[in-house]
Each structure stands twice: as C-alpha cells, then as structure tokens.
Amino acid sequence: MHIAGNPLLLTAQQRELIDLAATLGREKFGPRAATHDRDASFPFDNYEDLRRSGLLGICVPKAHGGLGADFTTYVMVAAEIGRHCGATALSWNMHVSSCMWTGFIADALDMTAEQRASHEANRTLHFQNIVRDGKVYSQPFSEGGAAAAGKAPWGTLAKSVEGGYVVTGKKIFASLAGAADFYGVLCTLDKPGATQRDALFIAVPADAPGVSVVGDWDPLGMRGTVSRTLLLHDVFVPHSARLMPEGLYWQSVMRYPHMFATLSPTYMGIAQAAYDFTAAYLRA
C-alpha cells in the first residue's frame, strides 16, 4: 500500500478499498494499460472489474446500496488505481464525481422540503442504475471559455418543456464518450437573463435521440479515456433526469470547490508509479 503513509491512521474501510484497488491494479489494470493506450481503446474490461468489485458504487450512499465512501477515501483509492492505469482512474473519476455531487454533497445543501423529496426520488433511480444495473455515468462539463471558470453561464442549454427539458449544446474533452450509459451534463436553464446560478445538472441517456459523439482523441498516455466531443441536439430528458434540483449546482460549487481537484489523485498515482519505477531502476 503506497498511498496512505501510516496504515494505522486509516479506517478499516479505507484499508480494504485501497488494498482492493491495488490488487485490481496489479493483476488486471496494469497489464492491460499499454494495450488500451496504444489502441486508443476504452478499458471496458477494467470497468467490468470495477462493476464486479462494487467500486462503481464507491461513493453511492449505503442507504442506496453503495459503499458510502467519503471524499478522502475516494481520493486514496483513485490514486492507487492511477498507479496502474491512468486512463481508468481518470475516467472512473468522472463516474464517481457524478455520484458525489448527487450524494453527500447534495445532502449538505440547503433545499426546501419539496426539493429534497424530488431529489431523493431522482437519485434513487440513478443510484439503482449504478448499483443494481452496473450503469456508468460520465461528467462532461467542459466547453472551453469562461463557463469552465465559472465566469459565464454554460453554453449548453436546457429548455423547460412539458414533462422535462430539451437539451442542446456541445461538450469537449468528454471522457467516456461513447462508453458511458449516461452523460451527467451541466447546462443552463434556457430563460431570459439566465446567469451561472441557473446551472442545471442533468443525466442524459447515451442512447437518447439527438446524442452523438464526434472527433478524434489521441493524447499520449490517456488515449484510453476516449474523451471525444459530445453533441446534444434537441435531446429530450424527463424531470427525473435531474441530478440536482434546479439552481442547486451553484450552491454546491460554492461549498465544495475542492471537487474540481478530483482529477489530482490520478496524477498523484501516476507520479508515484514513475517514482517507484525510477527508484527500482537506480537500485538495479
């Protein structure tokens, strides 16, 4: 175990999950990593291992059948996976982040009783998709420009219609593009004078009419994330697709800015693996 320093400071769950990630990394992810990077192929086999091990539900609350891990636990497990396959760790982060926004982060937000009841009903559906059916969620937020820095509303728009929303826009660097079952899309509620506070977090089914994936993806070392461009053209989604109630995402980013550092454990794990390799080489 390379991540945590003194293992006596870890909880039992943390030790168990880090050891699980290390075993999967050594026996499964690491041996496959070069092939996926060379071929720019998404690591579906790794995701099957994540599914079987329960790690797709690492941050799904225990009340919904998941492992109920907190932010700190996730960070350590992600770093361990990153030691063995950066593409798996990076794309898995997108899936797990969707669970964190919808789970313990949403639990800490100020909501009306009506909002809370609606959110609970919605997330029950999405968490069942993950825990019961093994579905994978992505988190394609990036559009480029000021929206990514919180300085402007998202260019992807969600128009309120009877029964739900019609979503139109484009997301770049969309990790798991073509591999995820649902795209957790950040968009702006389409209304006059909309601002960043009108952000809406919606799960768009990958097979919904109007969803397409285009472009190439060929960055050395991360080809396996398959982070191509996601296009959304007049895609209808029901109200149950909301991963947070309308307007609540803005409150969440004010309270949890460290969520935008969830990619960091992947790179920490990669750096640790490089250090270990170099140290072993120098000792040889």
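Note: the structure precedes this text.
The sections below set out a description of the structure shown in this document. The numbering scheme is per chain: residues are counted from 1 as the chain's sequence reads. It should be noted that, the model being predicted, local features are given only for residues of pLDDT at least 70 and side-chain atom pairs only at 80 or more, the latter also being counted only at that level, while totals for whole chains, interfaces and linings use all residues. Excluded from the side-chain calculations are hydrogens and water; all other atoms, namely the structure's heavy atoms, are used.

The next thing to look at is the pattern of salt bridges. The term salt bridge refers to a pairing of a side-chain nitrogen on Lys or Arg with a carboxyl oxygen on Asp or Glu at a separation within 4 Å. If you walk through the whole model with that rule in mind, you get 15 salt bridges. Ionic pairing is found between Arg223 and Asp37, a salt bridge with its closest N-O pair at 3.4 Å. On the criterion of sequence distance, the pair formed by Arg223 in the loop between strand 6 (211-214) and strand 7 (228-238) and Asp37 in helix 1 (residues 12-39) is long-range, its members being 186 residues apart. You can call Arg223 buried: its relative accessible area is 17%. Residue Asp37 is classed as buried on the basis of its relative accessible area, which comes to 17%. Residues Arg123 and Glu120 are paired through a salt bridge, measuring 2.9 Å at the closest nitrogen-oxygen approach. Note that Arg123 and Glu120 are positioned in helix 5 (residues 113-131) at a spacing of three residues, about one turn of the helix. Think of it this way: any DSSP run of H or I at least four residues long counts as a helix, any run of E at least two long counts as a strand, and we number them from the N terminus. Only protein chains enter the accessibility calculation, which uses a 1.4 Å probe; a residue is then buried when its area is under 20% of its type maximum, exposed when over 50%, and partly exposed in between.

For a helix, the expected span equals 1.5 Å multiplied by the residue count minus one. Helix length check: helix 1 (28 residues) gives 38 Å between terminal C-alpha atoms against 40 Å at 1.5 Å per residue, within 8%. In helix 1, a bend of some 50° at Gly25 exceeds every other bend along the element. All of the buried residues in helix 1 are Gln14, Leu17, Ile18, Ala21, Ala22, Leu24, Gly25, Phe29, Ala33, His36 and Asp37. The contact rule is simple, with two residues in contact once any of their heavy atoms fall within 4.5 Å. Packing partners of the buried residues in helix 1 comprise helix 2 (44-53), helix 3 (71-82) and helix 4 (86-107). Phi turns positive one or two residues past the end of helix 1, at Ala40, with a value near 50°. The bend at a residue is defined as the angle formed between two axes, one fitted to the seven residues ending at that residue and one fitted to the seven starting there.

A few words on a nonpolar patch on the surface. A grouping of Leu263, Tyr267 and Ile270 is seen on the molecular surface, where their side chains present a nonpolar patch of about 230 Å² in accessible area. Looking at the secondary structure, you find Leu263 in the loop between helix 6 (248-255) and helix 7 (264-283). A relative accessible area of 31% places Leu263 in the partly exposed class. Nonpolar side chains (Val, Leu, Ile, Met, Phe, Trp, Tyr) are joined into patches within 5 Å and like charges within 9 Å, using only residues with over 30% relative accessible area and no salt bridge. Note on areas: these come from Shrake-Rupley sampling with a 1.4 Å probe, and a residue is covered only by the protein chains present in the view.

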